[in-house]
2 protein chains.
Amino acid sequence: MLPAPRPLIVAAAVICFCLGSALLPSLAEGKVHHHTWNISYVHKSRDCFEKLAVTVNGEAPGPTIRATQGDTIVVTVHNKLETENTAIHWHGIRQIDTPWADGVAGVTQCPIHPGETFTYRFVVDRAGTYLYHAHYGMQRVAGLNGMIVVSVPDGFVEPFTYDKQHTVLLEDWWHKSVYDQATGLSAKPLVFVGEPQSLLINGRGIFNCSKPVPATGTCNTSSPDCGLRSLFTVVPGKTYLLRIGSLTSLSSLSFEIEGHSLTVVEADGHYVRPFVVRNLFIYSGETYSVLVKADQDPRRNYWATSHIVGRNPTTPSGKAIVSYAGNDPQMTPPTAPTTGPPWNNTAIRVEQSRAIVAHPGYVVPAPARADRTLILLNTQNNIDGHIKWTINGVSLHFPATPYLVSMKHGLTAAYDQRPPLDSYDLMGYNISAPAPTNGTIGSPVYRLAFDSVVDVVLQNSNMLDNRRETHPWHLHGHDFWVLGHGDGKFNPAADAWRLLNVKDAIMKNTVPLHPDGWTAIRFHANNPGVWLFHCHVEAHVFMGMGVVFEEGVDRVRRLPSSIMGCGHSKGLH
Amino acid sequence: MLPAPRPLIVAAAVICFCLGSALLPSLAEGKVHHHTWNISYVHKSRDCFEKLAVTVNGEAPGPTIRATQGDTIVVTVHNKLETENTAIHWHGIRQIDTPWADGVAGVTQCPIHPGETFTYRFVVDRAGTYLYHAHYGMQRVAGLNGMIVVSVPDGFVEPFTYDKQHTVLLEDWWHKSVYDQATGLSAKPLVFVGEPQSLLINGRGIFNCSKPVPATGTCNTSSPDCGLRSLFTVVPGKTYLLRIGSLTSLSSLSFEIEGHSLTVVEADGHYVRPFVVRNLFIYSGETYSVLVKADQDPRRNYWATSHIVGRNPTTPSGKAIVSYAGNDPQMTPPTAPTTGPPWNNTAIRVEQSRAIVAHPGYVVPAPARADRTLILLNTQNNIDGHIKWTINGVSLHFPATPYLVSMKHGLTAAYDQRPPLDSYDLMGYNISAPAPTNGTIGSPVYRLAFDSVVDVVLQNSNMLDNRRETHPWHLHGHDFWVLGHGDGKFNPAADAWRLLNVKDAIMKNTVPLHPDGWTAIRFHANNPGVWLFHCHVEAHVFMGMGVVFEEGVDRVRRLPSSIMGCGHSKGLH
């Protein structure tokens, strides 16, 4: 969704950052949006069950950040968590020239201490739908998240029209605390987080409080925070743009609005060749814009629902109401809530993934070939009795000193110097059988030649119990071209390359890796900094499912001292 | 309990620290004891109800540190809490020449980040019974605590004899998390932490699992961590030294061993003129050594119990068994557990406080008069809808930059420059009525002339709801002489000074301030550093009930960079 040619926008963003706002009359007349956020624990009843949530100004999800392409966002974060640090990632914002503002504790900054104030300042250089969330331990699971909506500049005409727009944020929600979950994942033997208690739509859910209450707190069905409500009201004949984002911690979802078609027009900030679905599959970290026309019987209301797919669900569907104007907005639809597609039909999900290609008028041409190819196999490994995810044998452990600081300042003791492997035992490894190999826990980094083109083939494999999972992978600091989704094992020696789409590949920042398959992406390593690439399932990245890319760190400007103070960076200015 | 004259020991400690151990043949031949601690969350069933505890190497309480006077303790702390910082205070250790090792986040160090390692190194310069615990937010409530036993040097003869010694650590325990508790205390309106679910003796308690379970987790009556057990076994006719410490978060306690007299011989590391009690009143942060003779019918076992006093208790008594050799150690005593003294009989508690004076052979003479007197009134105040404790109108807020760093390095923006008041409106304030005054939240500091003698009169007053509480006050970095406990309002113009005991005042580091009364102490401000003085009730200090003393910070040696990295100290070496 890049109206102007990219290099120009990059230049504008850079100049805008350096010189401040409103100094450049035509190129960078972006506004500066100031936000002040207090991050604190508050007792919330998001699904009627009261538990502690990490909130932004008392709310979970936090406020939607709204801006226009080229604007600057300044968020002043006051950490009021008493004993817990925080860091906030601006998901999908590439942080061009501001790699220290990416908000990943251990990669781009030291976490923000309780009692401290940290200021994030970055340019939203491209219109689209983005997200934000805590990026520290599993803190995101506690509720610190929200959406970012970046509008196109005045005068820019989008390849579709609509009458009004709404945001739809999808989450899953546990009654156990983050500490409980993380302690279980670190335990011998591992105690998995289990299925969520509820699915939330725009922060609201409905827990069946007549069940025996399994966790702390009380169940409060009369709380104004929870229960069935109207998501929005439509006027017959009008068309609505829904900006849908998923920040689930675990669940892959299917979203639908009963009886209404959804026309997908945007994915992760890029225009899609429009296609129509009854239900939208959406993975954690993804955003989609869909058009929905109010073309059904206006005398009744309709269900908006989210359903778990890819895992055998025990969680009730997320439910809200889409009301037609004139009706009581809270009037329950006369039909039973939609139940969604079969959870274990992988084929229809892969099909939808393959349908997502660039809008013909907005193709960003992919480079014809890559300078380097990484083939990244995920396996579950038992390392000293701990179950970990590894990528080519290494389970990522975030170092105490952020990579960006240690690599920029030559603190070589702060991370593993031995580079990780570019591939795995392609011939020998059976992706349909649990890993027989041992893995290691470490904090290595892939050093990428600056300005090079990199292909990454993500290769899925079965877990130790031989189940198969979907892994949505998210790349920081970049969009990538999605070259293809394949079945089984990627075989570079065979004709797998022929299957890849370089003609009209969509650009995204998050892409699913489907069970028993592979996903190939290509990106341009031209954003100086250090960037995380990881599975967006919170438990998976906590268990090590990620890698780190460095590119042109020598080109990064002087780092702000506000990102330092931890690990080996205590003494640095 | 200072066998050698103090100046000599100080010199020994200093030299010992500077040159390392075992270099000085006679003066400082102390050993160096190395401990490596992993601090992590673990699911524990301390009272049979499973909840997360912050543990040392998987245990709560942590291991007892044992050393001999003059030894050096080195504790290497690995913070494995994922998103939560920590800091550990060595309660009762004066940290002579090592003020940065006192372990108070916000006062003497930046908290230790997850993933980081911090090394505490200090000399235990005086024999006695001491404690350790987390000193960061309310983290102590989560279980990170334990005991320190420092033995007299070889050849030193104590003023009592015994056959064997045991440690007894008393705690109270909540099923709600620290986060839940802290969030309630910070809320508008305040939600108090409530009474504990259990009292623990040496980490074990017994929750009535047949009650409706009010909090997270499961109740597991068969857990080996909980239930009724023998505390220790005695041999008829033998005498035992019990080193008893209280690290309750809220509760004042009475401890007794059914049918056995307790002879109090040590308090906070100082020999007491022995006195005999049936039950020992002990306040959070205090330690006592008592002698108990196995002089009862050896054919049965006896109850060891702890009971809440000072607050109307709803918590069952803490219970354990003292077994006589030859019996089944787990054999339940034939009698009903002892129920302790009436919770609201303040007079008998004041009486016991007054009975604690120095052993005649070990009086450390108090200076005859003070150079400065502080009269510190505690009141509850409503500050912008938050209920806070204030001292002379100021509710202490720990700054993001530790005082020790900011004061040593002249970072004047890091704390309040306006000094707090030395006294309050002595004539106008009615201590039996709730505070009509407004307070402020701040981080000021009392700057004390180095080597001066300071008197502090702690003045209690009723709470906003007109109830009266006991506040055990703990001074870091010093012992103080307990000059007296008085009723009502301390009146410096009248003859209150005459009532004070300078003849054989006991030295302590923690002393109760009783309801409707005052407590006067005297100390020598001769330990360069910055030191916290606060109510040891965790909820109270969290609500601001503390003050900070600085003395001779210019004499403190170069600070280790390991204590820096937060707030204004990010850029310091």
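Residues numbered from 1 in each chain as written. Chains lettered and ligands numbered in written order. Predicted model: local features only at pLDDT ≥ 70, side-chain atom pairs only at ≥ 80, totals over all residues. Heavy atoms only, no water.

Caption draft 1: Structural view of the relation of the copies chain B and chain A. With an RMSD of 0.0 Å, the operation that places chain B on chain A is a rotation of 180° combined with a shift of 0.0 Å along the axis. Here the symmetry operator amounts to a two-fold rotation axis. Same-surface contact between copies: 100% of interface residues of chain B are shared with the interface of chain A. (Least-squares fit on C-alpha atoms with pLDDT ≥ 70 in both. Contact = heavy atoms within 4.5 Å.)

Caption draft 2: Seen up close, the sheet that holds strand 14 (residues 262-267) of chain B. All names here are of chain B. Strand order in this open sheet of six strands is 10-9-12-17-14-15, and the pairing throughout is mixed. Here the strands that pair on one side only, and so sit at the sheet edges, are strand 10 (198-201) and strand 15 (270-277). Shown here is a sheet whose adjacent strand axes are inclined to one another by a mean of 25°, direction ignored. Sheet analysis places strand 14 next to strand 17 (residues 287-293), joined by four bridges and oriented antiparallel. Counted as the bridge partner of Val 264 is Val 290 from strand 17. (Pairing = 2+ DSSP bridges. Helix = DSSP H or I, 4+ residues; strand = E, 2+ residues; numbered from the N terminus. Axes fitted to C-alpha atoms, helices over the stretch in contact; angles between N-to-C directions.)

Caption draft 3: Structural detail: the pairing of strand 29 (residues 510-513) of chain B. Residues and elements named next belong to chain B. The alternating pattern of strand 29 places Thr 510 and Pro 512 and Val 511 and Leu 513 on opposite faces, both of which are buried. In this sheet, strand 29 lies alongside strand 26 (residues 471-475) in antiparallel orientation, the contact comprising four bridges. When the bridges of strand 29 are listed, His 471 appears paired with Leu 513. (Buried < 20%, exposed > 50% of the residue type's maximum accessible area, 1.4 Å probe, protein only.)

Caption draft 4: Region of the structure containing the packing of aromatic side chains. Under the counting rule described, the total for this entry stands at 41 aromatic pairs over all chains. Taking the centre distance of 5.7 Å and the plane angle of 45° together, the rings of Trp 90 of chain A and Tyr 132 of chain A count as tilted. With a gap of 42 residues between them, Trp 90 of chain A in strand 5 (residues 88-91) and Tyr 132 of chain A in strand 7 (residues 128-134) connect regions that are remote in the sequence. For the ring pair Tyr 424 of chain B and Tyr 429 of chain B, a centre distance of 6.3 Å and an interplane angle of 85° mean the geometry is edge-to-face. (Phe/Tyr/Trp six-rings, centres within 6.5 Å; stacked < 30°, edge-to-face > 60°.)

Caption draft 5: Examining the state of the cysteines more closely. If you walk through the whole model with that rule in mind, you get six disulfides over all chains. A sulfur-sulfur distance of 2.0 Å marks the disulfide that ties Cys 110 of chain A to Cys 566 of chain A. On the sign convention where negative means left-handed, the S-S torsion of about -85° between Cys 110 of chain A and Cys 566 of chain A marks this disulfide as left-handed. Taken as a pair, Cys 110 of chain A in the loop between strand 5 and strand 6 (117-123) and Cys 566 of chain A in the segment after strand 32 (546-551) lie far apart in primary sequence, 456 residues in all. Taking relative accessible area as the criterion, Cys 566 of chain A reaches 1% and is therefore assigned buried. The disulfide partner of Cys 209 of chain B is Cys 219 of chain B, and the gap between their sulfur atoms is 1.8 Å. (Disulfide = S-S within 2.5 Å.)

Caption draft 6: Broad picture of the side chain of Lys 388 of chain A. In this structure, Lys 388 of chain A sits in strand 21 (residues 386-391). With no salt bridge to any partner, buried Lys 388 of chain A finds its closest opposite charge in Glu 82 of chain B, at an N-O distance of 7.0 Å. If near-sequence neighbours (up to four positions away) are discounted, Lys 388 of chain A is found in contact with Thr 379, Gln 380, Asn 381, Ile 383, Ser 395, Ile 441 and Met 543 of chain A. (Lys, Arg positive; Asp, Glu negative; His and termini not counted. Salt bridge = Lys/Arg side-chain N within 4 Å of Asp/Glu carboxyl O.)

Caption draft 7: Fine view of unusual backbone geometry. Of note, the amide linkage connecting Lys 188 of chain A to Pro 189 of chain A takes the cis form, showing an omega dihedral of -5°. Mapped onto the fold, Pro 189 of chain A is located in the loop between helix 2 (178-186) and strand 10 (198-201). Phi at Cys 48 of chain A takes a positive value of approximately 85°, unusual for a residue other than glycine. Relative to the elements of secondary structure, Cys 48 of chain A occurs in the loop between strand 1 (32-44) and strand 2 (51-56). Positive phi, close to 55°, is recorded for Asp 516 of chain B, a residue that is not glycine.

Caption draft 8: Inspection of the confidence of the model for chain A at higher detail. Looking at chain A, the pLDDT average stands at 92 and 93% of residues meet or exceed 70. Below a pLDDT of 50 lies the segment residues 1-27 of chain A, which in the model reaches 50 contacts outside its immediate sequence neighbourhood of four places, other chains included. (pLDDT = per-residue confidence, 0-100.)

Caption draft 9: The interface of chain B and chain A, seen in detail. Contact with chain B, which involves 39 residues of that partner, is made by 39 residues of chain A. When chain B packs against chain A, the two sides together hide about 3,100 Å² of surface, and 53% of this comes from carbon and sulfur. For chain B, the biggest contributors to the area lost against chain A are Thr 83, Tyr 179 and Lys 570 of chain B; these three give 23% of the whole. Taken together, chain B and chain A are joined by two salt bridges. Across the chain B-chain A interface, the total number found is 16 residue pairs in polar contact (both at pLDDT 80 or more). Element by element, the count of residues in the side of chain B that touches chain A is highest for helix 2 (residues 178-186) of chain B, at five residues. In terms of residue class, the side of chain B that touches chain A is made up of 16 nonpolar, 18 polar and five charged. (Buried area = accessible area lost by both parts, 1.4 Å probe. Polar contact = N/O pair within 3.5 Å; in protein donor to acceptor, adjacent residues only side chain to side chain. Nonpolar A, V, L, I, M, F, W, Y, C, P; charged D, E, K, R; others polar.)

Caption draft 10: The pairing of strand 13 (residues 252-257) of chain B, seen in detail. All names here are of chain B. Strand 13 sits mainly inside the fold: six of its six residues count as buried. Residues Ser 252, Ser 254 and Glu 256 point to one face of strand 13 and Leu 253, Phe 255 and Ile 257 to the other, with burial holding for every one of them. Pairing geometry for strand 13 and strand 18 (residues 302-309), over six bridges, is antiparallel. Paired with Leu 253 across the strands is Ile 308, a residue of strand 18. Across four bridges, strand 13 lies against strand 16 (residues 279-282) in antiparallel orientation. Looking across to strand 16, one finds that Phe 255 is bridged to Leu 280.

Caption draft 11: Representation of the pattern of salt bridges within the structure. Taken as a whole and assessed by the stated rule, the structure comprises 46 salt bridges over all chains. Residue Arg 94 of chain A is joined to Asp 125 of chain A by a salt bridge in which the shortest nitrogen-to-oxygen separation is 2.2 Å. Separated by 31 residues along the polypeptide, Arg 94 of chain A in the loop between strand 5 and strand 6 and Asp 125 of chain A in the loop between strand 6 and strand 7 bring together distant segments of the chain. Comparing Arg 94 of chain A with Asp 125 of chain A, the two get one shared label, buried. A salt bridge links Asp 297 of chain B to Arg 299 of chain B, with the nearest nitrogen and oxygen atoms 3.0 Å apart. Taking relative accessible area as the criterion, Asp 297 of chain B reaches 30% and is therefore assigned partly exposed. Given a relative accessible area of 67%, Arg 299 of chain B falls into the exposed group.

Caption draft 12: Main features of helix 2 of chain A. In terms of burial, helix 2 of chain A is a largely internal element, eight of the nine residues being buried. Of the positions making up helix 2 of chain A, those classed as buried are Val 178, Tyr 179, Asp 180, Gln 181, Ala 182, Thr 183, Gly 184 and Leu 185 of chain A.

Caption draft 13: Geometry of helix 3 (residues 346-355) of chain B. Residue and element names in this part refer to chain B. Among the residues of helix 3, Arg 349, Val 350, Gln 352 and Ser 353 are the ones counted as buried. Down the axis, helix 3 shows its buried residues gathered within 160° of arc, on one side only. Exposed side of helix 3, more than 90 degrees from the buried face: Ala 347 and Glu 351 are the residues found there. Of the surrounding secondary structure, the elements contacted by the buried residues of helix 3 are strand 15, strand 16, strand 18, strand 27 (480-487) and strand 29. Among the residues of helix 3, the N-terminal cap falls to Asn 345, whose side-chain oxygen and the backbone nitrogen of Ala 347 are separated by 3.2 Å. (Arc of directions from axis to C-beta.)

Caption draft 14: The sheet that holds strand 8 (residues 145-151) of chain B, seen in detail. Residue and element names in this part refer to chain B. In space, the four strands of this open sheet follow the order 3-8-7-5, with mixed pairing throughout. Taken across any chain shown, the strands that pair with only one partner, and hence form the sheet edges, are strand 3 (65-68) and strand 5 (88-91). Between one strand axis and the next, the sheet turns by 20° as a mean value, whatever way the strands run. Pairing of strand 5 with strand 7 (residues 128-134) involves four bridges; the strand directions are antiparallel. Counterpart to His 89 in the pairing with strand 7 is His 133.

Caption draft 15: Molecular detail of the domain arrangement of chain A. Residue and element names in this part refer to chain A. Once the domains are mapped, chain A shows domain 1 (6-151), domain 2 (164-361) and domain 3 (364-569). Put simply, the middle of domain 1 and the middle of domain 2, counted by C-alpha atoms, are 23 Å apart. Of the roughly 3,100 Å² buried between domain 1 and domain 2, counting both surfaces, carbon and sulfur atoms make up 59%. Summed over the shared surface of domain 1 and domain 2, the result is one salt bridge. The shortest N-O distance in the salt bridge between Arg 46 and Glu 171 comes to 2.8 Å. Going through the elements one at a time, strand 1, strand 2, strand 7 and strand 8 (145-151) are the ones with two or more residues in the side of domain 1 that touches domain 2. By residue number, the principal contributor to the side of domain 1 that touches domain 2 is strand 7, which donates six residues. (Domains from an automatic or database assignment.)

Caption draft 16: Expanded view of the environment of Gln 352 of chain B. Residue and element names in this part refer to chain B. As for its position among the elements, Gln 352 is in helix 3. For Gln 352, a relative accessible area of 10% puts it in the buried group. In sequence terms Gln 352 and Val 364 are twelve residues apart; their C-alpha atoms lie 21 Å from each other. In this structure, Gln 352 is in contact with Phe 275, Val 277, Asn 279, Leu 280 and Phe 281, ignoring residues within four places of it in sequence.

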